Amino acid sequence: MSLRRVSAIDSHTGGEPTRVVTAGGPDLGRGTLTERLDLFRNQFDEFRSAVVNEPRGNDAMVGALLCEPSDAAADAAVIYFNNVGYLGMCGHGTIGLAVTLQYLGRLPNDCCRVETVCGVVDARLNPDGGVSIRNVPSYRSRARVPVTVPGIGEVVGDVAWGGNWFFLVSEHGQELSLARVEELTDFTWRIRRALADSGITGNGGAEIDHIELFGPPTVPGANSRNFVLCPGKAYDRSPCGTGTSAKLACLYADGKLAPGEVWRQESIVGTVFEGRVEVVDGVVHPEITGFAYVNAEIELILDDRDPFRSGIRTT
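(A) Fine view of the nonpolar core. Counting 57 residues, the largest nonpolar core has Tyr 80, Phe 167 and Ile 191 as its most contacted members. No other element matches helix H4 (residues 181-197), which puts six residues into this core. In contact with Ile 191, other than residues within four places in its own chain, are Val 149, Val 155, Phe 167, Ile 211 and Leu 213. Within the second largest apolar cluster, 19 residues are counted, among which are Leu 37, Phe 47, Met 61 and Leu 302.

(B) Examining helix H5 (residues 241-253) more closely. With 13 residues, H5 ought to run about 18 Å at 1.5 Å a step, and its terminal C-alpha atoms sit 18 Å apart, in line with that. The element H5 is largely enclosed, with a buried count of 11 among its 13 residues. Inspection of H5 places Gly 241, Thr 242, Gly 243, Thr 244, Ser 245, Ala 246, Lys 247, Leu 248, Ala 249, Cys 250 and Leu 251 among the buried residues, and these make up the whole buried set. Backbone geometry just downstream of H5 places Gly 255 in the positive-phi region, at approximately 75°.

(C) Geometry of the side chain of Arg 56. Within the element layout of this structure, Arg 56 appears in the loop between helix H2 (45-52) and strand S3 (62-67). Arg 56 gets classed as buried once you look at its relative accessible area, which sits at 17%. At a separation of 3.5 Å, a polar atom in the side chain of Arg 56 contacts the main-chain carbonyl oxygen of Ile 301. There is a polar contact of 3.4 Å between the side chain of Arg 56 and the backbone oxygen of Phe 308. Among residues more than four places away in sequence, those in contact with Arg 56 are Arg 19, Ala 50, Val 51, Leu 300, Ile 301, Leu 302, Asp 306, Phe 308, Arg 309 and Gly 311.

(D) Structural view of the pattern of salt bridges. In this structure the tally under the stated criterion is 19 salt bridges. Asp 38 is the salt-bridge partner of Arg 41, the closest N and O atoms lying 3.3 Å from each other. Separated by three residues within a single helix, Arg 41 and Asp 38 lie in helix H1 (residues 33-43), roughly one turn from each other. The class for Arg 41 is partly exposed, based on a relative accessible area of 37%. Arg 190 is the salt-bridge partner of Asp 186, the closest N and O atoms lying 3.0 Å from each other.

What counts, and at which threshold
Residues numbered from 1 in each chain as written. Predicted model: local features only at pLDDT ≥ 70, side-chain atom pairs only at ≥ 80, totals over all residues. Heavy atoms only, no water. Core = buried A, V, L, I, M, F, W, Y, C linked by side-chain atoms within 4.5 Å. Buried < 20%, exposed > 50% of the residue type's maximum accessible area, 1.4 Å probe, protein only. Helix = DSSP H or I, 4+ residues; strand = E, 2+ residues; numbered from the N terminus. Contact = heavy atoms within 4.5 Å. Expected span 1.5 Å × (residues − 1). Polar contact = N/O pair within 3.5 Å; in protein donor to acceptor, adjacent residues only side chain to side chain. Salt bridge = Lys/Arg side-chain N within 4 Å of Asp/Glu carboxyl O.

Structure, rendered in structure tokens:
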């Protein structure tokens, strides 16, 4: 009998789960984080699936492999992954990672510089227990892009980058409520497929794998409510850190958000991120603040006899 043990800390940020692998992960060497991501994807993808997919995980879970940084200015490095692949950056995951590092006693001076595949992100623990992250530079690539969606008609949205590629839609006619998750998932999945079929992409031909709908808030003091469809067809329980970053970049581009002004983004489950932007030499740096909570310290067991040792794959 061969058993592999994997240590992890589970948390949730605004309802969205993060599983940080602290020991037992694959040896990815000492190359750049991009090189290690390629090695992870090409040689150890079964480990990704084992950690986040059923029967140990679920479609909403985001995994985070904690690594030694290749950037000397960083305190930690992380590779994010989900039920179908890998993420360049994850906002809720970085908030959850900061709280996890604090739980482990590894958050020096309540601050941490985290190296991600997209760049270094600063995280700090606030006196009220919230975490603020200074995300990678974000921007709008194209404004008011029309796409014809089968069964829906023409939908217009912005293409924007916040660490992942998003299609942001405000005029959609949908009621954004938790009771309509199935309808909203179908609606946004149709948009994603139509974007791909129409050849509408992010910069450099990158796939737009996140769809974000906006509507009126239900939480007092919030500016907007959103529904975010993630790459593996799960919806984001949190307001989505990279999606909120993309939204802030669009608001700034439209002259609707001044540097330092607070935007409060509500999620489909009613949790809220606060966002603001700093603009340096014309480059937008979003800051996202939210709350995360550690909810489990676990040891995963990968048993060679288990037919689902590598998880139940849907792709």
